[in-house]
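Remarks on the overall topology
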Amino acid sequence: MRKLTLLLVGLFILSFQNSNAQGAPDYQGGMKVKLNEDGSKYFRIISWAQIWAQHNSDRPLDANGNEQSDLNFSLRRARVLMYAQLNKRFLILTHFGLNSLNGDNLSPTGKGDSSQLFFHDVWGQFTITDNHAIGGGLHYWNGISRANNQSTLNMMTLDNQRQAWATIGLSDQFARHMGVYLKGKFGKLQYRVSINDAVTNNLQEAATPTPDGAAVYAGRRLLGSKDAGRTYSGYFDYNFLDQESNFLPYKVGTYLGGKKVFNVGAGFFFHPKGSVIANSAGELAGEDVSIFAVDAFYDAPMGGKGGAITAYALAQFSDYGRNYTLGRTYETGSLLHGHVGYVLPTEKSTKFQPYIQFDSRQIDAIDDNATSFGIGVNTYLSGHHSKLTLEYFNTKYGNADAVGTLTLQAMIYL
């Protein structure tokens, strides 16, 4: 373990030597093609990839009972996002790609399920006024929290807080719902609300509740779309200092001091009869799924020479039904999450940002807690457009032994 850690750190340091790239802290990149002389008609393309090398000495045996390698490589994300406006009132956005491609799910000819591109987002939008718009399709205008609307282009930590993406595969397709949304702002208050269809075939498509047992997230499948087919969500945040853009739904993880932002937000997700329980006679009944959160985000320059701080705090309260738990990821209970990072002052183009994060989860089903701790450092060669991240992340779930993972990520986006 020690030798591997030294090797990864050495590669990490060598990879940013002699770099002269300029910083690009704000999320404004992309290849823009003008369709008329003044640029009011255009389309823009953004592409990015994240490659991981990950060490975990506590991996379980594989499906054949064999030991697995401690070191693994994966393509964490490979995405293309395109959006276009033919005039200021109409916008169409298309986002496709794949996730978590590795040696276990690669296929011989690239035709396996995990090798296939799929649509993350496809929506159309109509601008009602300068500050308000309505849209529909497969969209990412989520409720609950800033973390549940996180962009994957500019996260400060290696990855998002997983429990904050609270409905992935339960009521939606990979954090996107099919429905309609309304978004906009009233002065410094931004909002996004939506009404959506829940998915029928979710992560528990083969599960049924046991008598007097825990809830199963299968309301639409077991009770029907009339009674359990709709979800409702919203998120509201007040921008005290610099105003963030809400042109796209993807919330920035860190501006690296490029803005002075302090936002306080609150949001919700509600799925009537989204989960199902069974009484002692086996008779089914729906239970409402409700998730609420409050959060705060601060990002600002600090000191001179490009120093900057980024901090985020989240309190989330999740009710998926009686004693609900799935894969140590979704649980009825509560979550407290926080992270903070600091861009070290420098006049050089390469920037370093050490950070820490901490989670504490209260879980009803096991009457116990889970805790996580992460420490890492980002090296920005050209802002978020080219960066390296090295992170150690440790999780302890109830009485189980703690599990730690060391990950090195290389990311680039255009």
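In case you missed it, the structure is sitting above this.
Here the structure is a predicted model, which means the values were calculated and not measured. (Residues numbered from 1 in each chain as written. Predicted model: local features only at pLDDT ≥ 70, side-chain atom pairs only at ≥ 80, totals over all residues. Heavy atoms only, no water.)

A short note on the overall build of the protein
- Counting its regular elements, the protein contains 3 helices and 19 strands.
- In terms of principal-axis extent, the alpha carbons of the protein reach across some 70 × 60 × 45 Å.
- Among the 414 residues that make up the protein, the fraction classed as buried is 48%.
- Taking the contacts inside the protein whose residues are at least 6 apart along the sequence as the reference set, 63% of them involve residues at least 24 apart.
- Entry remark: accessible area of the protein is about 19,200 Å², with carbon and sulfur atoms responsible for 58%.
- Measuring between centres, the 36 positive side-chain charges of the protein sit 9 Å from its 34 negative side-chain charges. (Helix = DSSP H or I, 4+ residues; strand = E, 2+ residues; numbered from the N terminus. Buried < 20%, exposed > 50% of the residue type's maximum accessible area, 1.4 Å probe, protein only. Contact = heavy atoms within 4.5 Å. Areas by Shrake-Rupley, 256 points an atom, 1.4 Å probe, with all protein chains shown as cover. Lys, Arg positive; Asp, Glu negative; His and termini not counted. Charge placed at Lys NZ, Arg CZ, Asp CG, Glu CD.)

A few points about the environment of Thr 210
- Examined against the element boundaries, Thr 210 turns out to sit in the loop between β8 (189-197) and α2 (219-223).
- A sequence separation of 198 residues divides Thr 210 from Leu 408, and the C-alpha atoms of the two residues are 42 Å apart.

Comments concerning the pattern of salt bridges
- According to the stated counting rule, one finds 7 salt bridges in the structure shown.
- Asp 237 is paired through a salt bridge with Lys 251; the nearest N and O atoms lie 2.9 Å apart. Here Lys 251 lies in the loop between β9 (230-239) and β10 (261-278) and Asp 237 lies in strand β9, a separation of 14 residues in the sequence.
- Classification of Lys 251 by relative accessible area gives buried; the value is 4%.
- Here Arg 361 makes a salt bridge to Glu 331, at a shortest N to O gap of 2.6 Å. (Salt bridge = Lys/Arg side-chain N within 4 Å of Asp/Glu carboxyl O.)

So, the nonpolar core
- Formed by 41 residues in total, the largest nonpolar core has its most connected members in Leu 93, Trp 123 and Tyr 320.
- At the level of secondary structure, the elements contributing two or more residues to this core comprise β2 (42-55), β3 (71-87), β4 (90-102), β10, β11 (284-301), β12 (308-319) and β19 (403-413).
- Non-local contacts of Tyr 320, meaning those with residues more than four positions away in its chain, are made with Ala 166, Leu 170, Ala 215, Tyr 217, Ser 275, Val 289, Ile 291, Tyr 330, Glu 331 and Thr 332. (Core = buried A, V, L, I, M, F, W, Y, C linked by side-chain atoms within 4.5 Å.)

Topic: the layout of surface pockets
- Within this model, the largest pocket holds a volume of roughly 1,800 Å³.
- Of all the secondary structure elements, the ones that give two or more residues to the lining of the largest pocket are β2, β3, β4, β16 (351-363), β18 (386-397) and β19.
- For the lining of the largest pocket, the leading source of residues is β3, giving 6 residues. (1 Å grid on protein atoms, 1.4 Å probe; cavity = no way out; pocket = protein on both sides within 12 Å on 5 of 7 lines; lining within 4 Å. Points joined across faces, edges and corners; volume = space filled by probe spheres on them.)

Thoughts on the pairing of strand β17 (residues 368-380)
- Note: β16 against β17, 13 bridges, orientation antiparallel. Of the residues in β17, the one forming a bridge with Gln 357 is Gly 374.
- Between β16 and the antiparallel strand that follows it, β17, lie 4 residues; Asp 367 among them carries a positive phi value of about 50°.
- Sheet analysis places β17 next to β18, joined by 11 bridges and oriented antiparallel. Among the inter-strand pairings, Val 377 is bridged to a residue of β18, identified as Leu 390.
- In this antiparallel pair of consecutive strands, β17 and β18, the connection spans 5 residues, and Gly 383 shows a positive phi of 55°. (Pairing = 2+ DSSP bridges.)

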